[in-house]
Amino acid sequence: MMNQAIDLRSDTVTRPTPAMRAAMAAAEVGDDVYGEDPTVNLLELRAAELFGREAALFVPTGTMGNQIAIRLHTHPGQEVIAEARAHILDYEMATTAVFSGCLIRAVPAEGGILTWKHIEAAIQPWGNFRAATGLIEIENTANLAGGRVSDLQVLDEIVAGAKERKLPTHLDGARIFNAAVALNVDVQTLTRGFDTVMFCLSKGLGAPVGSMLVGSAELMKRARIFRKALGGGMRQAGVLAAAGLIALEDGPKGLANDHANARLLAEALAAMEGVSIDLDSVETNIVIFRLAAGAGAPELAARLKERGVLVNAVGPDAIRLVTHRDVSRKDCLDAAETLSEEIEAGMRTAGVK
């Protein structure tokens, strides 16, 4: 067992930097439920400026930010169009149904990237015998599609089509800064036209806690009510917002390195027997590969853990690796070597030649 585990389960596992810890200790605070926390207010102002929106709201989690947005845009009994592997469908505990009374219309798309062609075919109008479409939701980057990026042309076409059909749009931009770095475009341009955008401070940007929801001043005013309803009133939250401000400033600078480390892992995996991986899908900091045997991912993850490499099984034959600030190039090289040894050992145990 290595002294220090190489943690590739998610980019949420990063620890606060010394600068973040110092800022948290010194943060000026107030009661944010009353709108009186100056550090939270500064973070919300900065986020709104970066994304070219009127206002922003600090929330504890990306899930809460997404679910507030869905509630803002929909009425009970409507559908939300999303890709079939969307986070709001697979990892948000059916909250769209519980909190907003809506159904997610899961639309499969090649490579996990929805286009207007996919979406238009799934739109249901009012007055039909089926639930009407209330919202179009896009995820960029697409987590379970291996961190793939929706480019500006695809997004602009979706926004234009939605406006023509008078449908609101929400962007789950948990890792939107990764997408922006991969495309070499700023986040304001990349998210233009979306009615609301959620992004995480606690993923690639490296903050210990928190996400942001941005949009119009009127929407964010209503969003505060729904945040309170979900238990998201955090009172003296400036101690967390202080780290978020540093994450916004410093976090994007390291993302290209995370992407390079993900590519290193992907190319190493592509050279291994018993592994299936689409190198073209590795565009940011996420690597998903499959075991050619069609099973054994949870067992592989358990063996890797014993050797100090932490990964997530995301299916019976699929493993997800996520690079981030707290794993170095050497860590990734060591992890690739351990992966190779354990995949080979698993094949021998299974009698695969």
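Heads up: the structure comes first, above all this text.
What you see is a predicted model; the values in this text were computed from it and never measured. (Residues numbered from 1 in each chain as written. Predicted model: local features only at pLDDT ≥ 70, side-chain atom pairs only at ≥ 80, totals over all residues. Heavy atoms only, no water.)

Concerning the overall build of the protein chain
In step 1: Counting secondary structure elements, the protein chain contains 14 helices and 13 strands.
In step 2: Against the compact-globule benchmark of 20 Å for 353 residues, the protein chain has a radius of gyration of 21 Å, which places it among compact chains.
In step 3: Dimensions along the principal axes, computed over C-alpha positions, put the protein chain at roughly 60 × 55 × 35 Å.
In step 4: Among the 353 residues that make up the protein chain, the fraction classed as buried is 54%.
In step 5: Nonlocal contacts in the protein chain, meaning residues at least 24 apart in sequence, comprise 74% of its contacts between residues at least 6 apart.
In step 6: As displayed, the protein chain offers around 15,300 Å² of accessible surface, 53% of which is attributable to carbon and sulfur atoms.
In step 7: Between the mean site of the 35 positive side-chain charges and the mean site of the 44 negative ones, the protein chain shows a separation of 3 Å. (Helix = DSSP H or I, 4+ residues; strand = E, 2+ residues; numbered from the N terminus. Rg over C-alpha atoms; globule rule 2.2 N^0.38 Å. Buried < 20%, exposed > 50% of the residue type's maximum accessible area, 1.4 Å probe, protein only. Contact = heavy atoms within 4.5 Å. Areas by Shrake-Rupley, 256 points an atom, 1.4 Å probe, with all protein chains shown as cover. Lys, Arg positive; Asp, Glu negative; His and termini not counted. Charge placed at Lys NZ, Arg CZ, Asp CG, Glu CD.)

Observations regarding the sheet that holds strand β4 (residues 103-107)
In step 1: On the basis of which strands lie adjacent, the open sheet formed by seven strands has the order β2-β8-β7-β6-β5-β3-β4 and mixed pairing. The open sheet has two edge strands with one neighbour each: β2 (55-59) and β4. Neighbour to neighbour, the strand axes of the sheet diverge by 20° on average, direction disregarded.
In step 2: Summarising the sheet, β2 and strand β8 (residues 211-215) pair through five bridges and their orientation is antiparallel. The residue of β8 that forms the bridge with V59 is S211.
In step 3: Sheet strands touched by helix α10 (residues 217-229): β2, β7 (196-200) and β8. Its angle to β2, the strand with the most contacts, is close to 20°. (Pairing = 2+ DSSP bridges. Axes fitted to C-alpha atoms, helices over the stretch in contact; angles between N-to-C directions.)

Considerations on the environment of G215
In step 1: Along the chain, G215 turns up in strand β8.
In step 2: Overall, G215 belongs to the buried group, its relative accessible area being 2%.
In step 3: Residues G215 and N257 lie 42 residues apart in sequence; the distance between their C-alpha atoms is 30 Å.
In step 4: With residues near it in sequence (within four places) discarded, G215 still touches R53, E54, A55, D195 and M220.

Observations concerning the packing of aromatic side chains
In step 1: Considering all chains together, one arrives at four aromatic pairs under this definition.
In step 2: Ring geometry for F51 and F177: centres 5.8 Å apart, planes at 85°, overall edge-to-face. Here F51 is found in helix α2 (residues 38-51), whereas its partner F177 is found in helix α8 (residues 176-183), with 126 residues between them in sequence. F177 shares its class with F51; the two are buried.
In step 3: On the basis of an interplanar angle of 90° and a centroid distance of 6.1 Å, the ring pair of F99 and F226 is categorised as edge-to-face. Taken as a pair, F99 in helix α5 (residues 95-100) and F226 in helix α10 lie far apart in primary sequence, 127 residues in all. Comparing F99 with F226 shows no difference in burial state: the two are buried.
In step 4: Counting every residue linked through ring pairs, the aromatic cluster contains F51, F177 and F199.
In step 5: The residue whose ring lies beneath R71 is F99, and the NZ or CZ to ring-centre distance is 4.5 Å. (Phe/Tyr/Trp six-rings, centres within 6.5 Å; stacked < 30°, edge-to-face > 60°. Lys NZ or Arg CZ within 6 Å of the ring centre and 35° of its normal.)

Overview of the nonpolar core
In step 1: The biggest cluster of nonpolar side chains holds 50 residues, and the ones touching the most others in it are I119, I138, I176, F177, F199 and L201.
In step 2: In this structure F177 touches F51, V187, F199, L205, L248, P252 and L255, once residues within four positions along its chain are discounted.
In step 3: If you look at the next biggest cluster of nonpolar residues, it comprises 29 residues, including F289, C332, I343 and M347. (Core = buried A, V, L, I, M, F, W, Y, C linked by side-chain atoms within 4.5 Å.)

Comments concerning the side chain of T191
In step 1: Mapped onto the elements of the fold, T191 is located in the loop between α9 (187-190) and β7.
In step 2: By relative accessible area, which is 0% here, T191 ends up buried.
In step 3: Leave out the neighbours within four places in its chain, and T191 touches F51, R53, L171, I176 and V197.

Side note on the pattern of salt bridges
In step 1: Scanning all chains against the criterion turns up 18 salt bridges.
In step 2: Linking R105 and E79 is a salt bridge whose minimum nitrogen-to-oxygen distance equals 2.7 Å. Of the two residues, R105 sits in strand β4 while E79 sits in strand β3 (residues 79-83), which places them 26 residues apart along the sequence.
In step 3: A residue is classified by how much of its surface remains accessible, and R105, at 27% relative accessible area, is partly exposed.
In step 4: On the basis of relative accessibility, which here comes to 2%, the residue E79 falls in the buried class.
In step 5: As a salt-bridge pair, K330 and D334 come within 2.8 Å of each other at their nearest N and O atoms. Within this pair, K330 and its partner D334 are both found in helix α14 (residues 329-350), separated by four residues, close to a single helical turn.
In step 6: Look at K330 and you get exposed, because its relative accessible area is 56%. (Salt bridge = Lys/Arg side-chain N within 4 Å of Asp/Glu carboxyl O.)

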